[in-house]
Amino acid sequence: MKLHPIFSKDFYLWWLIMAVCSILIYSIFGLPEMQGYEKYGLIFWTIGTLFTSLIFGSIFYLIYRLFAGKWNNKTYIIIISIMFVFTLIALLIN
């Protein structure tokens with residue numbers, strides 16, 4: 001099975017930077033306090049943040065795709081990165 005191109009070598013650095021930023025921000029500001037998730041650690045929240053930004057970024061990318069009419073992986077990873085920032089802000093405000 002072939003993975004989507006945003007998981008290829010070209011975009012490893014993007015994913016690594018987002019993961020490191022997530023780890024740093026959670027280390028500085030602390031993990032989100034949500035009922036039922038108290039025992040989960042830094043790796044769980046990092047992977048969860050990346051996954052959530054991928055899901056929301058995919059929705060916005062499909063909307064972009066309707067208007068642009070073409071696939072562009074660079075735009076896709078940028079939208080995922082923007083959603084990553086919004087997800088981190090939402091979790092830290094909570």
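The rules behind these values
- Residues numbered from 1 in each chain as written.
- Predicted model: local features only at pLDDT ≥ 70, side-chain atom pairs only at ≥ 80, totals over all residues.
- Heavy atoms only, no water.
- Axes fitted to C-alpha atoms, helices over the stretch in contact; angles between N-to-C directions.
- Helix = DSSP H or I, 4+ residues; strand = E, 2+ residues; numbered from the N terminus.
- Parallel < 35°, antiparallel > 145°, perpendicular 65-115°, else oblique.
- Contact = heavy atoms within 4.5 Å.
- Nonpolar A, V, L, I, M, F, W, Y, C, P; charged D, E, K, R; others polar.
- Buried < 20%, exposed > 50% of the residue type's maximum accessible area, 1.4 Å probe, protein only.
- Phe/Tyr/Trp six-rings, centres within 6.5 Å; stacked < 30°, edge-to-face > 60°.
- Left-handed = near helix turned anticlockwise from the far one by under 90°.

Draft legend 1. Highlighting the packing of helix 1 (residues 12-29) against helix 3 (residues 73-93). The interhelical angle for the contact between helix 1 and helix 3, taken along N-to-C directions, is 10 degrees, at an axis separation of 11 Å. By the angle class used here, helix 1 and helix 3 are roughly parallel. Contacts between helix 1 and helix 3 involve W14, W15, M18, C21, S22, I25, Y26 and F29 from the first element and K74, I77, I78, I80, S81, F84, L88, L91 and L92 from the second. Of the residues that constitute the contact of helix 1 with helix 3, the class distribution is 14 nonpolar, two polar and one charged.

Draft legend 2. Here's a closer look at the environment of F84. Inspection of the secondary structure assignment puts F84 in helix 3. Note on F84: relative accessible area 4%, which makes it buried. F84 has contacts with M18, C21, S22, T49, L50 and S53, leaving out every residue within four places of it along the chain.

Draft legend 3. Spotlight on the packing of aromatic side chains. Applying the stated criterion across every chain yields a total of six aromatic pairs. Arranged with centres 5.5 Å apart and planes meeting at 85 degrees, the rings of F44 and W45 form a pair that is edge-to-face. When its relative accessible area of 35% is taken as the criterion, F44 is described as partly exposed. On the accessibility criterion, W45 (7% relative accessible area) is buried. Between Y61 and Y76 the ring centres are 4.5 Å apart and the planes differ by 25 degrees, which places this aromatic pair in the stacked class. With Y61 in helix 2 (residues 42-68) and Y76 in helix 3, this pair connects stretches of sequence that are 15 residues apart. For the pair shown, Y61 and Y76 are each scored as buried. Ring pairs connect the aromatic residues Y61, Y64, W71 and Y76, which therefore count as one cluster.

Draft legend 4. Focus on the packing of helix 2 against helix 3. It is the contact of helix 2 with helix 3, at a shortest axis distance of 7 Å, that shows an interaxial angle of 130 degrees. Put simply, helix 2 runs oblique to helix 3. Helix-helix and strand crossings are classified by hand; for helix 2 and helix 3 the assignment is right-handed. Residues W45, T49, L50, T52, S53, L54, F56, G57, S58, F60, Y61 and Y64 of helix 2 lie in contact with helix 3, whose contacting residues are N73, T75, Y76, I79, I80, M83, F84, T87, L88 and L91. Its residues placed into classes, the contact of helix 2 with helix 3 shows 14 nonpolar, eight polar and no charged.

Everything listed here is a matter of geometry and, on its own, says nothing about what the molecule does.
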